[in-house]
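Here is what each chain is made of, one letter per residue.
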Amino acid sequence: MTYTKYSASGNDFIICHSFVEKDYSTDAIRLCNRTEGIGADGFVVLVPTNEADFKWLFYNSDGSDAAMCGNATRACAHYAFTNGLINSNETKFLTGAGLIKSTIENEIVETQLTAPKVINEEFIEEGFTWYLVDTGVPHLVTIVDDLNLYEHNLCAKMRYKHNANVNFAKIEDGIIKVRTYERGVEGETLACGTGMAACFLRANTLKLVNDTAFVYPKSNEQLTLSIKDGTIYFKGAVKKVFTTNI
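Reading the values: the criteria
- Residues numbered from 1 in each chain as written.
- Predicted model: local features only at pLDDT ≥ 70, side-chain atom pairs only at ≥ 80, totals over all residues.
- Heavy atoms only, no water.
- Helix = DSSP H or I, 4+ residues; strand = E, 2+ residues; numbered from the N terminus.
- Rg over C-alpha atoms; globule rule 2.2 N^0.38 Å.
- Buried < 20%, exposed > 50% of the residue type's maximum accessible area, 1.4 Å probe, protein only.
- Contact = heavy atoms within 4.5 Å.
- Areas by Shrake-Rupley, 256 points an atom, 1.4 Å probe, with all protein chains shown as cover.
- Lys, Arg positive; Asp, Glu negative; His and termini not counted.
- Charge placed at Lys NZ, Arg CZ, Asp CG, Glu CD.
- Phe/Tyr/Trp six-rings, centres within 6.5 Å; stacked < 30°, edge-to-face > 60°.
- Lys NZ or Arg CZ within 6 Å of the ring centre and 35° of its normal.
- Pairing = 2+ DSSP bridges.
- Right-handed = clockwise from strand over helix to strand, strands pointing away.
- Arc of directions from axis to C-beta.
- Core = buried A, V, L, I, M, F, W, Y, C linked by side-chain atoms within 4.5 Å.
- UniProt positions renumbered as here; feature names shortened; annotations may be inferred.

Each helix and strand in the protein chain was counted, giving 4 helices and 17 strands. The C-alpha atoms of the protein chain give 17 Å as radius of gyration, which agrees with the globular expectation for 246 residues (18 Å, within 12%). The C-alpha extent of the protein chain, read off along each of the three principal axes, is 50 × 40 × 30 Å. A total of 246 residues make up the protein chain; the buried ones form 55% of that total. Here the contacts in the protein chain between residues at least 6 apart in sequence split such that 59% fall between residues at least 24 apart. Carbon and sulfur atoms form 46% of the exposed surface of the protein chain, whose accessible area is close to 11100 Å². One way to put it: in the protein chain the 23 positive side-chain charges average out to a point 2 Å from where the 30 negative ones average out.

If you want it as structure tokens, here you go:
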């Protein structure tokens with residue numbers, strides 16, 4: 001098999017395409033292992049479908065599946081375009097969260113995310129005020145003055161109690177900075193697209209940022225989040241790291 005590794009804002013993925021739709025969870029665990037495999041946060045297999053340009057099978061590094069991953073949508077759109085799986089720089093493809101639309105302009109990819117679903121507007125727990133929203137997958141968001149308040153054990157506790165990713169966001173001068181604990185990775189990642197979207201949505205709802213804002217994850221790469229008629233758009237650069245045969 002031929003595999004390509006991508007980095008999208010520090011979130012890294014192994015991507016391939018196949019005509020066979022099956023359970024690739026064992027492959028995900030093997031390939032995503034950072035000491036005995038290629039190493040990545042997730043593994044994505046693109047397969048044919050009659051409903052869109054293609055369908056993805058997405059796995060976290062522990063072999064669990066996930067309905068959505070914002071950064072992976074941008075990496076997969078770029079992969080599909082550069083590998084001739086689509087005929088133009090615009091694509092629609094199926095994820096577990098529904099149909100995703102992406103546009104590719106050189107290394108910059110913009111994805112139109114699925115409609116967000118607010119699960120819990122506001123509650124206090126562990127000394128923080130939380131907001132729970134599904135932006136493709138569920139995310140807890142708390143807005144803080146200091147991102148050093150992010151703490152692994154606290155995030156792990158909240159993740160398992162609420163079965164959600166956990167985000168700490170700091171907002172200053174209309175710019176959002178985010179740290180995210182991700183399910184399936186079970187730790188902090190350099191970036192999480194749906195997490196940044198959840199933080200942006202919360203900040204926008206509270207009038208702390210405009211309808212378009214820059215967001216910086218732990219990787220410190222700049223991404224642009226915007227909202228129009230209730231739809232969130234997520235734009236940033238992706239990087240093809242290498243291709244290998246195994």
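A word on the packing of aromatic side chains. Inspection of the entire model under this criterion finds 10 aromatic pairs. On the numbers, 5.7 Å between centres and 70 degrees between planes, the contact of Tyr150 with Phe168 is edge-to-face. Placement of the pair is Tyr150 in the loop between strand S10 (138–143) and helix H3 (152–162) and Phe168 in strand S11 (residues 165–172), with a sequence separation of 18 residues. We note that Tyr150, like Phe168, is buried. Counting every residue linked through ring pairs, the aromatic cluster contains Phe13, Phe54, Trp56, Phe58 and Phe93. The ring of Tyr160 has Arg159 sitting right over it, with the charged end atom 4.1 Å from the ring centre.

Looking now at the pairing of S11. Strand residues, when the strand is regular, have side chains that alternate between the two faces of the sheet. Bridge analysis of S10 against S11 gives 5 bridges, and the strand direction is parallel. By the bridge assignment, Ile143 is partnered in S11 with Ala169. A crossover connection joins S10 to the parallel S11 through H3; in handedness this β-α-β unit is right-handed. Bridge count for S11 against strand S12 (residues 175–182) is 7 bridges, and the pairing is antiparallel. Note on S12: the bridge partner recorded for Lys170 is Lys177. Where S11 folds back onto S12 in an antiparallel hairpin, the turn is made up of 2 residues, including Asp173, whose phi is positive at roughly 55 degrees.

Inspection of helix H1 (residues 25–32) places Ser25, Asp27, Ala28, Leu31 and Cys32 among the buried residues, and these make up the whole buried set. Buried residues of H1 fall within an arc of 155 degrees about the axis and therefore sit on the same side. On its buried face, H1 is in contact with strand S1 (2–8), strand S2 (11–17), strand S3 (42–47) and strand S4 (54–60).

Among the nonpolar cores identified, the biggest contains 48 residues, and Ile15, Leu46, Trp56 and Ile176 are the most heavily contacted of them. For this core, the leading source of residues is helix H4 (residues 193–205), giving 7 residues. Residues in contact with Ile15, not counting those within four places in the same chain, are Thr2, Tyr3, Thr4, Tyr6, Val44, Leu46, Ala75, Cys76 and Tyr79.

Inspection of the secondary structure assignment puts Thr189 in strand S13 (residues 187–189). Residue Thr189 is classed as buried on the basis of its relative accessible area of 4%.

Turning our attention to the UniProt feature "active site" (unreviewed entry) in the protein chain. UniProt feature "active site" (unreviewed entry): in the numbering of this structure it lies at Cys69 and Cys192. Look at the named residues: they lie 124 residues apart in sequence, but the longest C-alpha span between them is just 7.4 Å, so in the fold they bunch up. Tracing the backbone through its elements, the reader meets Cys69 in the loop between S4 and helix H2 (70–82). Overall, the relative accessible area of 5% leaves Cys69 in the buried class. With residues up to four places along the chain from it excluded, the contact list for Cys69 reads Asn11, Phe13, Trp56, Phe58 and Thr194. Within the secondary structure layout, Cys192 lies in the loop between S13 and H4. Beyond its immediate sequence surroundings of up to four residues, Cys192 is in contact with Asn11, Asn71, His139, Thr180 and Glu182.

The next point concerns unusual backbone geometry. With phi around 65 degrees, Ser9 is a residue other than glycine that occupies positive phi space. Classification of Ser9 by relative accessible area gives buried; the value is 1%. In this structure, Asn163 takes a positive phi of about 50 degrees despite not being glycine. Looking at the secondary structure, you find Asn163 in the loop between H3 and S11. For Asn163, a relative accessible area of 43% translates into the label partly exposed.

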